[in-house]
Amino acid sequence: MIPYGRQDVNQADIDAVIDILKSDWLTQGPSVGDFEKTLCKKVGAEYAVAVNSATSALHLACLALDLGSGDWLWTSPNSFVASANCALYCGANVDFVDIDPHTYNISIDALQEKLIFAEKNGTLPKILIPVHFAGQSCDMEAIAVLSKKYGFKIIEDASHAIGGKYQNRSIGDCFYSDMTIFSFHPVKIITTGEGGAILTNQSLLHERILQLRSHGITRDSQLMKNFSHGPWYYEQVHLGFNYRLTDIQAGLGLSQIKRLEMYIDKRHDIAAIYQRSLSALPLVLPYQSNQAYSAYHLYVIQIDPSKVSITREHLFFALHKAGIGVNVHYIPIHTQPYYQQLGFSIGDFPEAERYYKNALSLPMYPTLTRLDQEKVIKIIQENLQ
Ligand SMILES: *Cc1c(COP(=O)(O)O)cnc(C)c1O
């Protein structure tokens, strides 16, 4: 089976992990610190905190901004459920902003309209989570202008987007946001098995997240309520979690991140071949904003139902029958049973729903061979001509 995405693990990665297995540290230790420093340097942020998943990263980022009961968090319906669930973990309310039909990212017009309405109703969001879908940045400059006007904080969900750029700045530098989170799940751009990180330029947020990552415990006497009892002493000052990344995982991450640029180049090469080979067919190919340089986590095509008689389902099954594991990203979050039960209805975010009906994610990963890609293209051509 040719999958839609997969990790690339080479001998250097394996050697790096074995070195750590033979060392004194398995859980969070010096390699996690090195990984965090490397992340900061790569993307140009002041601080990085590595955690055990992007889901944990989103949870801690929301807690660091004091999201709680009675607050609103807004995100994109065209995302993985984790982008919205983090609000519910904090006891806050979640709502969505419909997507732009070209970029499949949050629509700035829809956001503006919803903010005007929310201001009248007294339901302005405390946090907005723009999701850089498929690795292409949202229009962060426009979002930052609105955040100043309406007073909300911004957490970029860049789970798809490490290695991407916006206005020639690396995604993750937090120039237009309070924090950025990355995912290191195997299907994403680089992997630590499971893992994630929070990037920020604000020292207060950094301190809070460090504590929350490990039980809300501090060993820093400056942050303690009482005098230290001795060198063994620590204090729990918040209710935190065990969201730590292991040194084993950080060792893999440190080895993987050396190939970040190569991975992004490869993904662009693959996208260019799809673009060349599929542009004459009745398909919608990924629109690329001139402000953004995508990390191309996904290559999503849409069947144009007005131009072809076959459906997305037909093409999905034809490709699977040929051993090509295409997938669909994403089922709009508000249509999930759990969210329906919270009061959302089908029809609430029509652009995300329309897009979902026709979308198909083609194989896209750095080790996809030319031969395998030609096979994917051939099956699509045969079905659409
Ligand atoms: C993968 C993903 C997540 C969750 O990442 P984990 O590391 O698996 O927790 C969150 N948001 C988006 C947009 C994702 O694609």
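The structure we're discussing is the one just above.
Residues numbered from 1 in each chain as written. Predicted model: local features only at pLDDT ≥ 70, side-chain atom pairs only at ≥ 80, totals over all residues. Heavy atoms only, no water.

### A short note on the pairing of strand β15 (residues 299-303)
Where we set the bar: When accessible area is computed with a 1.4 Å probe and restricted to protein chains, residues below 20% of their type maximum are described as buried, those above 50% as exposed, and intermediate ones as partly exposed. Under the DSSP-based scheme used, a helix requires at least four consecutive residues in state H or I and a strand at least two consecutive residues in state E, with every element numbered from the N terminus. Pairing between strands requires that DSSP locate at least two bridges from one strand to the other.
Within β15, five of the five residues are buried, which leaves it mostly tucked inside the rest of the structure. Residues of β15 alternate between two faces, with Y299, I301 and I303 on one and V300 and Q302 on the opposite face, all of them buried. The sheet contact formed by strand β13 (residues 283-284) and β15 spans two bridges and is antiparallel. Directly across from V284, in β15, lies its bridge partner Q302. Across four bridges, β15 lies against strand β17 (residues 359-362) in antiparallel orientation.

### Comments concerning helix α4 (residues 82-89)
To be explicit about the condition: Contacts between residues were defined by any pair of non-hydrogen atoms, one from each residue, lying within 4.5 Å.
The element α4 is extensively covered by neighbouring structure, given that six of its eight residues are classed as buried. Residues of α4 that are buried make contact with α3 (54-64), β3 (72-75), β4 (93-96), β5 (127-129), β6 (153-157) and α11 (337-341). In the segment just after α4, G91 is the residue with positive phi, at about 80 degrees.

### Observations concerning the nonpolar core
Our working definition: Note on terminology: a nonpolar core comprises buried Ala, Val, Leu, Ile, Met, Phe, Trp, Tyr and Cys residues joined through side-chain atoms within 4.5 Å.
Judged by nonpolar contacts, the single largest core of 46 residues is most densely connected at C62, L73 and I155. Going through the elements one at a time, β2 (47-51), α3, α4, β4, β5, β9 (179-183), α7 (203-213) and α12 (350-358) are the ones with two or more residues in this core. No other element matches the seven residues that α3 contributes to this core. The contacts of C62, once residues within four sequence positions are left out, are L67, L73, C86, C90, I127, I129 and I155. Formed by 31 residues, the second largest nonpolar core is a distinct cluster that contains A271, L315, V326 and L384.

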